[in-house]
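Structural characterization, general
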Amino acid sequence: MNKLQELQALHKDWEKKCECRLKKTATRAVFGHGSAEADIVFIGEAPGKKEDETGIPFVGSAGKFLDEMLSAIKLKREDIYITNIVKYRPPNNRDPLPEEKSACRDWLLDELKLIKPKLIIFLGRHAMSNFFPEEKISKVHGKLLTKKFIDIPTRHFFPLYHPAMALYKGSMRKVLIADFKKIPKILEKIGKDTV
C-alpha cells in the first residue's frame, strides 16, 4: 500500500469511528486533499457550504483566492495537502465548538503523522488556536513559530489570516499575500535547520 492509499484508508476508517456530532447535520465528511508526500500541510477551520457539497476542502471563493496565492509562489494544489480542524460543516457556517474540534483532533493528528510535513500552515485563528491557544493571530501572522509537540512530526508552524478575511476586508488581501510570499524562504530556512 502506498502513502496515498494509506491516507485514503485512514480517512475511511476515521469517517466510521469519528464521534463528532456535526456528522448529524453535515452532508458528508470533508477529507483532507492533496499530496500524501507534501512538504506543506495547510490547516483550515471547518468545511463550508461548497465543501460540504463537494467533499473537497477550500473550493469556495476563499479556496479560489488560496489557489491564486499558491500560484504566486509557484505551487499547485497537487504539491500541498490541505485539511481542516473539523471534518464536518458546522450549521450555518458557525465557528466549530471546542467539543467538535476535540472529536476530530485525533483524525487530524493521524493525517499529520502519515504525511510528515516540514511545515504546517494555519489558515486562520481557529486552526492556530488549536495548537497555540495562547497566541493572537494579529500578533503572529506571517511569523514562523517553532514548538515541539509529542504527537506531531514537525516543529515548524506558520500562521496566516484565513483567506476569507481578504474577501470580507479588502485591506487584508495585501497582508495575506505578503505573508504568503514568505513561504518559499521559510521552507528554505527549515531545510537548513537540523531537526
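How each quantity is defined
- Residues numbered from 1 in each chain as written.
- Predicted model: local features only at pLDDT ≥ 70, side-chain atom pairs only at ≥ 80, totals over all residues.
- Heavy atoms only, no water.
- Phe/Tyr/Trp six-rings, centres within 6.5 Å; stacked < 30°, edge-to-face > 60°.
- Helix = DSSP H or I, 4+ residues; strand = E, 2+ residues; numbered from the N terminus.
- Buried < 20%, exposed > 50% of the residue type's maximum accessible area, 1.4 Å probe, protein only.
- Lys NZ or Arg CZ within 6 Å of the ring centre and 35° of its normal.
- Pairing = 2+ DSSP bridges.
- Disulfide = S-S within 2.5 Å.

**Some thoughts on the packing of aromatic side chains**
Taken as a whole, this structure holds 12 aromatic pairs when the rule is applied. Where Phe 132 meets Phe 149, the ring centres are 5.9 Å apart and the plane angle is 90°; that geometry is what we call edge-to-face. Here Phe 149 lies in the loop between strand E5 (145–146) and strand E6 (156–160) and Phe 132 lies in the loop between helix H5 (125–129) and helix H6 (137–140), a separation of 17 residues in the sequence. Across this residue pair, the class does not change: Phe 132 and Phe 149 are buried. Pairing Phe 149 with Phe 157 gives two aromatic rings, centres 5.5 Å apart and planes at 80°, and the pair type is edge-to-face. Ring pairs connect the aromatic residues Phe 122, Phe 131, Phe 132, Phe 149 and Phe 157, which therefore count as one cluster. Across from the ring centre of Trp 14, 4.4 Å away, lies the NZ or CZ of Lys 17, which sits over that ring. Sitting over the face of the ring of Phe 131, Arg 105 holds its NZ or CZ atom 5.0 Å from the ring centroid.

**Topic: the pairing of strand E4 (residues 119–123)**
Of all five residues making up E4, five are buried, and the element is well covered by its neighbours. Burial along E4 is two-sided: Leu 119, Ile 121 and Leu 123 and Ile 120 and Phe 122, pointing in opposite directions, are all buried. By the bridge criterion, four bridges tie strand E2 (residues 40–44) to E4 in an arrangement that is parallel. Paired with Ile 40 across the strands is Leu 119, a residue of E4.

**Side note on the state of the cysteines**
Under the definition given, this model contains zero disulfides. Among the cysteines around Cys 18, which has no disulfide bond, Cys 104 carries the closest sulfur, lying 4.0 Å off. Residue classification places Cys 18 among the buried residues on the basis of a relative accessible area of 3%. Accessibility expressed as a relative area gives 0% for Cys 104, which makes it buried.

Interpretation in functional terms is not warranted from these geometric data alone.
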